[in-house]
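Reading the structure
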Amino acid sequence: MKPNTQQLNDLTTQVRRDILRMVHAVNSGHPGGSLGCTEFLVALYQVIMDRKEGFDMDGIGEDLFFLSNGHISPVFYSVLARSGYFPVEELATFRLINSRLQGHPTTHEGLPGIRMASGSLGQGMSVAIGAAQAKKLNGDNHLVYSLHGDGELQEGQNWEAMMYASAYKVDNYIATVDVNGKQIDGPTDEVLNMGSINAKFTAFGWDVVEIPQGNNIEAILAGMAQAKAKTGQGKPVCVLLHTEMGNGVDFMMHTHAWHGKAPNDDQLQKAFDQNVMTLGDY
């Protein structure tokens, strides 16, 4: 049975605590984008995707997800663990020597739920398109999902992939872009202004869905349902998810400063005070 909105919000709060704890423990990692995408990944794994029990790399007969902006691994690891892919206690090994939970996800360590190594930005769309085409060749009607940063779109490989997906009518694929307007060096509009992302995807032959409230569970569920309804119609689908970097922790919001910075002891406690434990810390 699918969780209700309150249960999803409770899980979101707990995932935030996981993110903060993981990054603080090793004084390393990327909390800003992780916190901004928490609601989305919780909704994706708990409600939106059709998943099988267990994990295998073939992924036949189920929906697949590929994280392209791999630096937001803390939120990915937490959601995977709390969705049953591996023990929640393993989150305590984040970024440690010989851990399966490295700073960027890797398939080399054999971590359940991880389908691609995603350290270099710009490559996830290409991988996801290949997986989507494989599903078509296998007669598998399930969907492929991916997540990208808006700053990541400055990488040229994305645009080649976008042209390819449209030209070859990869219509079983939904690419979500985390539009938070920030990247490591500052606001995306100042680093490299891309203009209208919606207009660009549309011009490249994609269907586009906007989710203005990208940190609201119900808005995400409604927007992703709209995106799913557009699949199978000859076009790939792009979801523009408008989020706030550092969402849920007031001093991390409205700035790019927490893209890749860990909180100190006092900051961790302040963040915890704003995100009271719901499901139990690891």
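These notes cover the structure that comes with them.

Regarding the sheet that holds strand β7 (residues 237–242)
The strand order across the open sheet formed by five strands is β1-β2-β3-β7-β6, and the pairing between neighbours is parallel. A strand with exactly one partner marks an edge of an open sheet, and here the two such strands are β1 (64–67) and β6 (207–211). Ignoring which end each strand starts from, the neighbouring axes of this sheet average 20° apart. As judged from the four bridges shared by β1 and strand β2 (residues 144–149), these two strands associate in the parallel manner. Within β2, the residue paired with leucine 64 across the bridge is valine 144.

Let's talk about the environment of glutamine 14
Along the polypeptide, glutamine 14 turns up in helix α1 (residues 5–26). We classify glutamine 14 as buried; its relative accessible area is 0%. Sequence separation between glutamine 14 and methionine 1 is 13 residues; the distance between their C-alpha atoms is 20 Å. Sequence-distant contacts of glutamine 14, defined by excluding residues within four places in its chain, comprise Arg82, Met277, Thr278, Leu279, Gly280 and Asp281. Side-chain polar atoms of glutamine 14 contact the backbone nitrogen of leucine 279, separated by 2.9 Å.

Calculation criteria
- Residues numbered from 1 in each chain as written.
- Predicted model: local features only at pLDDT ≥ 70, side-chain atom pairs only at ≥ 80, totals over all residues.
- Heavy atoms only, no water.
- Pairing = 2+ DSSP bridges.
- Helix = DSSP H or I, 4+ residues; strand = E, 2+ residues; numbered from the N terminus.
- Axes fitted to C-alpha atoms, helices over the stretch in contact; angles between N-to-C directions.
- Buried < 20%, exposed > 50% of the residue type's maximum accessible area, 1.4 Å probe, protein only.
- Contact = heavy atoms within 4.5 Å.
- Polar contact = N/O pair within 3.5 Å; in protein donor to acceptor, adjacent residues only side chain to side chain.

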